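If you want the building blocks of each chain, they are given just below.
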Amino acid sequence: MHTVKSRESINEAYFKFGVKTFSLDTKDELIKIIKSTNNAKDLELFVRVAVSNEHAEIDLSKKFGALNSEALGLLRLAKQYAQKVGLSFHVGSQCMHKISYTKGIKEIENIIKKTKIIPDIINLGGGFPSIYPDLKPEPLIRYMEEIKKGIKNLKLKRLILKPS
């Protein structure tokens with residue numbers, strides 16, 4: 001879910017292909033989505049939150065995501081314009097330590113507590129590591145166990161995880 005899209009791409013995705021789900025990490029991107037869909041009322045908007053990528057082989061933290069303080073306002077604004085809202089993060093590619101997911105979930109939890117908005121969906125992105133000759137990650141099940149522990153106190157409606 002890329003957070004930077006052209007007006008033309010948003011318009012075409014929405015009107016020609018029926019895409020209603022968009023992600024954003026700035027107020028400008030939210031405004032662009034709203035205007036490009038002619039103030040559609042059936043949008044599903046994800047606010048992408050910046051999280052630490054310290055354990056990723058490929059760090060995406062400088063490229064995507066709103067800081068926690070910005071995400072609070074963006075979630076409140078998105079809620080006004082969307083049929084459904086979500087929060088998302090991505091720990092970076094080839095994340096070599098499961099604790100990164102716990103830290104990201106903690107950021108999401110803090111945003112929910114501060115805004116009192118329960119997202120319809122939480123997207124924990126990808127970043128799960130693959131085995132390469134010079135990279136030997138923990139088994140994927142350990143990542144899933146860590147994620148389960150992290151989300152147990154969240155009132156989730158829906159959770160998305162993607163393979164890398």
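Data block above holds the structure.
What counts, and where the lines are drawn
Residues numbered from 1 in each chain as written. Predicted model: local features only at pLDDT ≥ 70, side-chain atom pairs only at ≥ 80, totals over all residues. Heavy atoms only, no water. Pairing = 2+ DSSP bridges. Helix = DSSP H or I, 4+ residues; strand = E, 2+ residues; numbered from the N terminus. Contact = heavy atoms within 4.5 Å. Axes fitted to C-alpha atoms, helices over the stretch in contact; angles between N-to-C directions. Core = buried A, V, L, I, M, F, W, Y, C linked by side-chain atoms within 4.5 Å. Buried < 20%, exposed > 50% of the residue type's maximum accessible area, 1.4 Å probe, protein only.

1. So, the sheet that holds strand β1 (residues 21–24)
Here comes step 1: Strand order in the open sheet formed by five strands is β1-β2-β4-β6-β7, with parallel pairing between adjacent strands. Each end of this open sheet is capped by a strand with a single partner; those strands are β1 and β7 (159–160).
Here comes step 2: Relative to strand β2 (residues 44–48), β1 runs parallel, the two sharing four bridges. Note that in β2 the partner of S23 across the bridge is F46.
Here comes step 3: Contacts from helix α2 (residues 27–36) reach β1 and β2, with the element oriented near 155 degrees to β1.
Here comes step 4: The strands touched by helix α4 (residues 99–115) are β4 (84–88) and β6 (121–123); relative to β4, the strand with the most contacts, the crossing angle is about 140 degrees.

2. Quick look at the nonpolar core
Here comes step 1: Judged by nonpolar contacts, the single largest core of 38 residues is most densely connected at F22, L45, V47, L87 and F89.
Here comes step 2: Among the elements of the structure, α1 (7–15), β1, α2, β2, α3 (68–81), β4, α4 and α5 (140–151) are those that each provide at least two residues to this core.
Here comes step 3: L45 has contacts with F22, L24, L30, I33, A78, A82, K84, V85 and G86, leaving out every residue within four places of it along the chain.

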